[in-house]
Amino acid sequence: AQSVAQPEDQVNVAEGNPLTVKCTYSVSGNPYLFWYVQYPNRGLQFLLKYITGDNLVKGSYGFEAEFNKSQTSFHLKKPSALVSDSALYFCAVRDRDTDKLIFGTGTRLQVFP
Amino acid sequence: KAGVTQTPRYLIKTRGQQVTLSCSPISGHRSVSWYQQTPGQGLQFLFEYFSETQRNKGNFPGRFSGRQFSNSRSEMNVSTLELGDSALYLCASSLVINEKLFFGSGTQLSVL
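Residues numbered from 1 in each chain as written. Chains lettered and ligands numbered in written order. Predicted model: local features only at pLDDT ≥ 70, side-chain atom pairs only at ≥ 80, totals over all residues. Heavy atoms only, no water.

*Asks:* Explanation requested: the interface of chain A and chain B in the structure shown.
*Replies:* When the parts come together, some accessible area is lost, and that loss is often what is quoted as the size of the interface. In this complex, chain A contributes 18 residues to the contact, which on the side of chain B involves 21 residues. Summed over both partners, the interface of chain A with chain B buries about 1,600 Å², with 50% contributed by carbon and sulfur atoms. Applying the counting rule to chain A against chain B returns 2 salt bridges. For Arg94(A), the salt bridge goes to Glu48(B), with nearest N and O atoms at 3.0 Å. With 4 residues, strand β5 (residues 32-38) of chain A is the single largest residue contributor to the side of chain A that touches chain B. (Contact = heavy atoms within 4.5 Å. Buried area = accessible area lost by both parts, 1.4 Å probe. Salt bridge = Lys/Arg side-chain N within 4 Å of Asp/Glu carboxyl O. Helix = DSSP H or I, 4+ residues; strand = E, 2+ residues; numbered from the N terminus.)

Structural data, given as C-alpha coordinates:
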(Lines give C-alpha, C1' and ligand atoms only; values in the text may rest on other atoms or scores of the structure.)
Protein backbone atom coordinates (compact mmCIF):
# COMPACT_ATOMS: atom_id res chain seq x y z
CA ALA A 1 0.00 0.00 0.00
CA GLN A 2 1.13 3.52 -0.71
CA SER A 3 2.34 5.45 2.30
CA VAL A 4 4.31 8.51 3.28
CA ALA A 5 6.13 8.71 6.59
CA GLN A 6 7.35 11.79 8.38
CA PRO A 7 8.99 10.15 11.38
CA GLU A 8 9.37 13.30 13.48
CA ASP A 9 6.32 15.08 14.85
CA GLN A 10 8.49 18.07 15.74
CA VAL A 11 11.94 19.32 14.85
CA ASN A 12 13.63 21.99 16.95
CA VAL A 13 16.57 23.98 15.63
CA ALA A 14 18.38 27.17 16.58
CA GLU A 15 18.28 30.10 14.19
CA GLY A 16 21.24 30.06 11.83
CA ASN A 17 21.72 26.30 12.08
CA PRO A 18 20.98 23.91 9.23
CA LEU A 19 17.68 22.07 9.34
CA THR A 20 16.41 18.77 7.96
CA VAL A 21 12.82 17.53 7.90
CA LYS A 22 12.63 13.87 6.99
CA CYS A 23 10.28 12.10 4.60
CA THR A 24 10.24 8.51 3.37
CA TYR A 25 7.71 6.92 1.07
CA SER A 26 6.47 3.60 -0.16
CA VAL A 27 4.89 3.66 -3.62
CA SER A 28 5.35 1.70 -6.79
CA GLY A 29 7.43 3.04 -9.64
CA ASN A 30 8.85 6.54 -9.79
CA PRO A 31 6.63 8.94 -7.90
CA TYR A 32 6.18 12.67 -8.05
CA LEU A 33 7.35 14.18 -4.75
CA PHE A 34 6.30 17.45 -3.13
CA TRP A 35 6.82 19.55 -0.03
CA TYR A 36 4.21 21.97 1.28
CA VAL A 37 4.31 24.35 4.24
CA GLN A 38 1.47 25.57 6.44
CA TYR A 39 2.11 28.76 8.38
CA PRO A 40 -0.09 29.54 11.42
CA ASN A 41 -3.57 30.64 10.37
CA ARG A 42 -2.68 30.39 6.71
CA GLY A 43 -3.31 27.81 4.00
CA LEU A 44 -0.80 25.34 2.68
CA GLN A 45 1.78 26.68 0.26
CA PHE A 46 3.86 24.82 -2.30
CA LEU A 47 7.60 24.71 -1.57
CA LEU A 48 9.11 22.42 -4.18
CA LYS A 49 8.64 19.30 -6.27
CA TYR A 50 10.67 16.49 -7.79
CA ILE A 51 9.56 14.92 -11.05
CA THR A 52 12.74 13.66 -12.62
CA GLY A 53 16.33 14.71 -13.19
CA ASP A 54 18.74 16.18 -10.66
CA ASN A 55 18.30 14.61 -7.23
CA LEU A 56 18.70 17.98 -5.48
CA VAL A 57 15.70 20.21 -5.98
CA LYS A 58 15.65 23.89 -5.04
CA GLY A 59 12.44 25.57 -3.94
CA SER A 60 10.95 28.63 -2.33
CA TYR A 61 12.36 30.54 0.69
CA GLY A 62 15.81 28.93 0.37
CA PHE A 63 14.58 25.38 0.90
CA GLU A 64 15.87 22.40 -1.02
CA ALA A 65 15.16 18.68 -0.98
CA GLU A 66 17.24 15.66 -1.84
CA PHE A 67 15.68 12.68 -3.60
CA ASN A 68 17.27 9.35 -2.74
CA LYS A 69 15.82 6.52 -4.77
CA SER A 70 17.59 3.68 -2.97
CA GLN A 71 16.42 4.92 0.43
CA THR A 72 13.02 6.08 -0.92
CA SER A 73 13.50 9.37 0.87
CA PHE A 74 12.89 13.01 0.05
CA HIS A 75 14.28 15.03 2.95
CA LEU A 76 13.72 18.78 3.14
CA LYS A 77 16.76 20.90 4.00
CA LYS A 78 17.83 24.48 4.54
CA PRO A 79 21.42 25.60 5.23
CA SER A 80 20.50 28.33 7.72
CA ALA A 81 17.17 28.34 9.58
CA LEU A 82 15.15 31.48 10.27
CA VAL A 83 12.64 32.01 13.07
CA SER A 84 10.09 32.76 10.34
CA ASP A 85 10.54 29.19 9.01
CA SER A 86 8.60 27.92 12.04
CA ALA A 87 5.59 26.16 10.56
CA LEU A 88 4.03 22.78 9.77
CA TYR A 89 5.67 20.95 6.87
CA PHE A 90 4.01 18.26 4.78
CA CYS A 91 5.62 15.81 2.41
CA ALA A 92 3.39 14.48 -0.39
CA VAL A 93 3.80 11.73 -2.94
CA ARG A 94 1.80 11.06 -6.08
CA ASP A 95 1.86 7.48 -7.24
CA ARG A 96 2.16 7.56 -11.04
CA ASP A 97 0.19 4.32 -11.33
CA THR A 98 -2.83 5.18 -9.19
CA ASP A 99 -2.50 8.95 -9.56
CA LYS A 100 -3.41 9.42 -5.91
CA LEU A 101 -1.68 12.16 -3.93
CA ILE A 102 -0.76 10.98 -0.43
CA PHE A 103 0.33 13.37 2.30
CA GLY A 104 2.43 12.62 5.35
CA THR A 105 1.15 13.49 8.82
CA GLY A 106 3.27 16.63 8.98
CA THR A 107 6.31 17.79 10.95
CA ARG A 108 6.20 20.90 13.08
CA LEU A 109 9.40 22.90 12.71
CA GLN A 110 10.28 25.21 15.59
CA VAL A 111 13.20 27.59 15.07
CA PHE A 112 14.43 29.27 18.25
CA PRO A 113 16.19 32.65 18.23
CA LYS B 1 -5.40 36.99 -9.50
CA ALA B 2 -7.78 35.70 -6.86
CA GLY B 3 -6.75 32.60 -4.94
CA VAL B 4 -8.77 29.52 -4.09
CA THR B 5 -11.91 30.55 -2.24
CA GLN B 6 -13.70 28.28 0.18
CA THR B 7 -17.05 29.02 1.78
CA PRO B 8 -18.14 29.07 4.47
CA ARG B 9 -15.07 29.61 6.64
CA TYR B 10 -16.67 28.07 9.72
CA LEU B 11 -19.58 25.69 10.19
CA ILE B 12 -21.20 24.25 13.29
CA LYS B 13 -23.57 21.32 12.79
CA THR B 14 -25.12 18.61 14.92
CA ARG B 15 -24.88 14.88 14.47
CA GLY B 16 -27.12 13.50 11.74
CA GLN B 17 -27.28 16.73 9.75
CA GLN B 18 -25.77 17.18 6.33
CA VAL B 19 -23.44 19.89 5.07
CA THR B 20 -22.29 21.29 1.74
CA LEU B 21 -18.93 23.00 1.33
CA SER B 22 -18.02 25.13 -1.65
CA CYS B 23 -14.75 25.75 -3.45
CA SER B 24 -13.96 28.22 -6.23
CA PRO B 25 -10.60 27.45 -7.86
CA ILE B 26 -8.15 29.91 -9.32
CA SER B 27 -9.38 31.15 -12.68
CA GLY B 28 -8.25 28.79 -15.42
CA HIS B 29 -7.55 25.88 -13.09
CA ARG B 30 -9.43 22.76 -14.13
CA SER B 31 -8.29 20.38 -11.40
CA VAL B 32 -9.82 20.54 -7.93
CA SER B 33 -9.08 18.24 -5.02
CA TRP B 34 -10.38 18.01 -1.46
CA TYR B 35 -8.60 17.03 1.75
CA GLN B 36 -9.57 16.50 5.37
CA GLN B 37 -7.08 17.82 7.92
CA THR B 38 -7.13 16.67 11.53
CA PRO B 39 -4.40 17.06 14.17
CA GLY B 40 -3.71 13.34 14.45
CA GLN B 41 -4.16 12.21 10.86
CA GLY B 42 -2.61 15.01 8.87
CA LEU B 43 -4.13 15.52 5.42
CA GLN B 44 -6.36 12.76 4.12
CA PHE B 45 -7.28 12.76 0.42
CA LEU B 46 -11.00 12.86 -0.32
CA PHE B 47 -11.55 13.44 -4.04
CA GLU B 48 -9.96 14.81 -7.16
CA TYR B 49 -11.86 16.28 -10.10
CA PHE B 50 -10.75 17.36 -13.54
CA SER B 51 -13.11 18.91 -16.06
CA GLU B 52 -16.20 17.72 -14.14
CA THR B 53 -14.98 14.12 -13.91
CA GLN B 54 -13.96 12.48 -10.67
CA ARG B 55 -10.49 11.09 -11.33
CA ASN B 56 -9.71 9.72 -7.92
CA LYS B 57 -11.35 9.02 -4.60
CA GLY B 58 -9.87 8.47 -1.17
CA ASN B 59 -10.88 5.92 1.44
CA PHE B 60 -13.85 7.70 2.93
CA PRO B 61 -17.37 6.32 3.43
CA GLY B 62 -20.13 6.99 0.94
CA ARG B 63 -21.48 9.77 3.17
CA PHE B 64 -18.77 11.93 1.60
CA SER B 65 -19.53 12.99 -1.96
CA GLY B 66 -18.53 15.74 -4.29
CA ARG B 67 -18.94 17.20 -7.72
CA GLN B 68 -17.41 19.72 -10.08
CA PHE B 69 -19.34 22.10 -12.27
CA SER B 70 -18.61 23.28 -15.80
CA ASN B 71 -17.01 26.48 -14.44
CA SER B 72 -14.63 24.29 -12.37
CA ARG B 73 -16.24 25.25 -9.08
CA SER B 74 -16.62 22.28 -6.78
CA GLU B 75 -18.83 21.27 -3.89
CA MET B 76 -18.38 18.64 -1.26
CA ASN B 77 -21.28 17.14 0.67
CA VAL B 78 -21.24 15.15 3.88
CA SER B 79 -24.48 13.48 4.93
CA THR B 80 -25.45 12.06 8.32
CA LEU B 81 -22.68 13.90 10.11
CA GLU B 82 -20.73 12.15 12.84
CA LEU B 83 -18.62 13.66 15.62
CA GLY B 84 -15.50 12.31 13.92
CA ASP B 85 -16.20 14.43 10.85
CA SER B 86 -15.08 17.51 12.76
CA ALA B 87 -12.05 18.74 10.84
CA LEU B 88 -10.61 21.39 8.57
CA TYR B 89 -11.65 20.67 4.99
CA LEU B 90 -9.22 21.99 2.42
CA CYS B 91 -9.76 22.50 -1.26
CA ALA B 92 -6.89 22.84 -3.72
CA SER B 93 -6.72 23.65 -7.40
CA SER B 94 -4.12 23.29 -10.12
CA LEU B 95 -3.87 23.96 -13.83
CA VAL B 96 -3.57 20.30 -14.63
CA ILE B 97 -3.05 17.07 -12.73
CA ASN B 98 0.40 16.59 -11.16
CA GLU B 99 1.13 20.28 -11.06
CA LYS B 100 1.62 22.15 -7.80
CA LEU B 101 -1.51 22.69 -5.74
CA PHE B 102 -2.88 26.03 -4.60
CA PHE B 103 -4.85 25.63 -1.38
CA GLY B 104 -7.75 27.59 0.01
CA SER B 105 -7.96 28.62 3.66
CA GLY B 106 -10.34 25.80 4.40
CA THR B 107 -13.71 25.29 6.03
CA GLN B 108 -13.55 24.45 9.74
CA LEU B 109 -16.42 22.04 10.44
CA SER B 110 -17.45 21.32 14.01
CA VAL B 111 -19.98 18.57 14.64
CA LEU B 112 -21.67 18.69 18.04
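*Asks:* Explain the pairing of strand β8 (residues 64-68) of chain A to me, please; I cannot follow it from the model alone.
*Replies:* The two faces of the sheet receive side chains in turn, since in a regular strand these alternate between them. Residue and element names in this part refer to chain A. In this sheet, β8 lies alongside strand β7 (residues 56-58) in antiparallel orientation, the contact comprising 3 bridges. Looking at β8, one finds that Val57 is bridged to Ala65. Bridge count between β8 and strand β9 (residues 73-78): 5 bridges; the pairing is antiparallel. Looking at the pairing, Glu66 lines up with His75 of β9. If you look at the hairpin formed by β8 and β9, you'll find 4 residues sitting between the two strands, and Thr72 has a positive phi there, around 45°. (Pairing = 2+ DSSP bridges.)

*Asks:* Honestly, the sheet that holds strand β7 (residues 64-68) of chain B in this entry has me stumped. Any pointers?
*Replies:* Hydrogen bonds between backbone atoms are what pair the strands of a sheet, whose relative direction is either parallel or antiparallel. Residue and element names in this part refer to chain B. Read from one edge to the other, the open sheet built from 4 strands follows the order β1-β3-β8-β7, with strand pairing classed as antiparallel. Among the strands making up the open sheet, the edge pair consists of β1 (5-7) and β7. On average, each strand axis in the sheet is inclined to that of its neighbour by 15°, with strand direction left out of account. Relative to strand β8 (residues 74-78), strand β3 (residues 19-24) runs antiparallel, the two being bridged by 5 bridges. Note that in β8 the partner of Thr20 across the bridge is Asn77. (Axes fitted to C-alpha atoms, helices over the stretch in contact; angles between N-to-C directions.)

*Asks:* Explain the state of the cysteines here, please?
*Replies:* Linking two cysteines covalently through their sulfur atoms gives a disulfide. In the structure shown here, the tally under the stated rule is 2 disulfides over all chains. A sulfur-sulfur distance of 2.0 Å marks the disulfide that ties Cys23(A) to Cys91(A). Since a negative S-S torsion denotes a left-handed disulfide, the Cys23(A)-Cys91(A) link at about -60° is left-handed. Residue Cys23(A) is located in the loop between β3 (19-21) and β4 (24-26), and its partner Cys91(A) is located in strand β10 (residues 87-94); the two are separated by 68 residues in the primary sequence. Residue class for Cys91(A) comes out buried when judged on its relative accessible area of 0%. Residue pairing for Cys23(B): its cysteine sulfur links by disulfide to Cys91(B), the two sulfurs lying 1.8 Å apart. The sign of the S-S torsion, about -60°, decides the handedness of the disulfide formed by Cys23(B) and Cys91(B): left-handed. Within this pair, whereas Cys23(B) is found in strand β3, its partner Cys91(B) is found in strand β9 (residues 87-94), the two being separated by 68 residues in sequence. Summarising the burial analysis for this pair, Cys23(B) and Cys91(B) share the class buried. (Disulfide = S-S within 2.5 Å. Buried < 20%, exposed > 50% of the residue type's maximum accessible area, 1.4 Å probe, protein only.)

*Asks:* For this particular structure, what's the right way to read the side chain of Asn77(B)?
*Replies:* Residues and elements named next belong to chain B. Structurally, Asn77 is set in strand β8. At 3.0 Å, the side chain of Asn77 forms a polar contact with the side chain of Thr20. Ignoring sequence-local partners within four residues, the contact set of Asn77 consists of Gln18, Val19, Thr20, Arg63, Phe64 and Ser65. (Polar contact = N/O pair within 3.5 Å; in protein donor to acceptor, adjacent residues only side chain to side chain.)

*Asks:* What am I meant to see in the environment of Leu95(B) here?
*Replies:* Residue and element names in this part refer to chain B. Here Leu95 is to be found in the loop between β9 and β10 (102-103). Expressed as a C-alpha distance, the spacing of Leu95 and Asn59, which sit 36 residues apart in the sequence, is 25 Å. Beyond its immediate chain neighbours, meaning those up to four positions away, Leu95 contacts Gly28, His29, Arg30, Ser31 and Phe50.

*Asks:* Just to check I follow, could you spell out the pattern of salt bridges for this structure?
*Replies:* A side chain with one charge can pair with a side chain of the opposite charge if their charged atoms come near. One pass over the full model with this rule turns up 10 salt bridges over all chains. Ionic pairing is found between Glu82(B) and Arg63(B), a salt bridge with its closest N-O pair at 3.6 Å. A residue pair is termed long-range when its members are at least 10 positions apart, and Glu82(B) in the loop between β8 and β9 and Arg63(B) in the loop between β6 (53-57) and β7 qualify at 19 residues. We classify Arg63(B) as buried; its relative accessible area is 15%. Ionic contacts of the salt-bridge type, sharing partners, join the residues Arg94(A), Glu48(B) and Arg55(B) into one network.

Function-wise, these values are silent; they only describe arrangement.
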